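The lines below spell out each chain.
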Amino acid sequence: MAVIELDGTNFEDTIRDNAFVVVDFWAPWCGPCRSFAPIYDKVSNDIEGVVFAKINTEEQQEIAGHFNIRSIPTLMIFREQIIIFSQPGALPESQFRDLLAKAGELDMVEVKSQIAEQAQASGNA
């Protein structure tokens with residue numbers, strides 16, 4: 001699947017309408033971002049059922065600010081509209097593939113249950 005560019009017009013719909021979305025926050029001037037891009041593109045073509053997206057932090061400062069992106073590249077993984085992973089730094093291809101496999105194996109019913117328990121314990125239910 002081709003990597004899609006996200007911006008203010010398609011970000012929310014992409015996250016809401018897809019069960020598994022990987023987002024690469026990057027900038028054109030960022031050396032590690034440019035080094036990671038071919039790995040990201042290659043893996044995106046090999047894995048079915050996952051939406052791979054990029055957000056140019058220079059052009060989409062509001063989205064980057066919303067997610068408190070302070071270092072790039074930053075990878076963020078959404079499963080069923082929940083952020084299950086967010087970490088700065090480029091990954092080698094093997095680690096990126098392992099991360100995606102583990103993210104895909106997560107039991108989202110259990111994740112949602114844990115979130116509900118935490119919210120209830122903190123009085124936010």
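First things first, this report covers the structure right here in the doc. (Residues numbered from 1 in each chain as written. Predicted model: local features only at pLDDT ≥ 70, side-chain atom pairs only at ≥ 80, totals over all residues. Heavy atoms only, no water.)

Under the criterion given, the structure shown has 1 disulfide. In this model C30 forms its disulfide with C33; the gap between the sulfur atoms is 2.4 Å. Given an S-S torsion of about 80°, the disulfide between C30 and C33 has right-handed geometry. (Disulfide = S-S within 2.5 Å.)

To continue, consider the layout of surface pockets. When its volume is computed, the largest pocket comes out at roughly 170 Å³. Taken together, G8, F11, E12, E62, I63, H66 and F67 make up the full set of residues lining the largest pocket. Counting only elements with at least two residues in the lining of the largest pocket, the list comes to α1 (11–17) and α3 (61–66). By residue number, the principal contributor to the lining of the largest pocket is α3, which donates 3 residues. Residues that form the lining of the largest pocket fall into these classes: 3 nonpolar, 2 polar and 2 charged. (1 Å grid on protein atoms, 1.4 Å probe; cavity = no way out; pocket = protein on both sides within 12 Å on 5 of 7 lines; lining within 4 Å. Points joined across faces, edges and corners; volume = space filled by probe spheres on them. Helix = DSSP H or I, 4+ residues; strand = E, 2+ residues; numbered from the N terminus. Nonpolar A, V, L, I, M, F, W, Y, C, P; charged D, E, K, R; others polar.)

On to helix α2 (residues 31–46). With 16 residues, α2 extends 24 Å from end C-alpha to end C-alpha; this agrees with the ideal 22 Å at 1.5 Å per step. Its axis deflected by about 30° at A37, α2 carries its strongest bend there, up to four residues before the proline P38. Those residues of α2 that sit buried are C33, F36, A37, Y40, V43 and S44. For α2, the elements touching its buried residues are β2 (20–26), β3 (51–56), β4 (74–79) and α4 (93–105). (Expected span 1.5 Å × (residues − 1). Bend = angle between axes of the 7 residues up to and from the residue. Buried < 20%, exposed > 50% of the residue type's maximum accessible area, 1.4 Å probe, protein only. Contact = heavy atoms within 4.5 Å.)

Moving on to the nonpolar core. Nonpolar side chains tend toward joint burial in soluble globular proteins. Core analysis: the biggest nonpolar cluster contains 20 residues, and F11, V23, F25, F67 and F78 have the highest contact counts within it. Every element with two or more residues in this core is listed here: α1, β2, β3, α3 and β4. Among the elements that take part in this core, β2 stands out by supplying 4 residues, more than any other. Not counting the four nearest positions on each side in its chain, F11 is found in contact with L6, I55, I63, F67 and F78. The next biggest cluster of nonpolar side chains, apart from the first, holds 15 residues, and it includes Y40, V50, L75 and I77. (Core = buried A, V, L, I, M, F, W, Y, C linked by side-chain atoms within 4.5 Å.)

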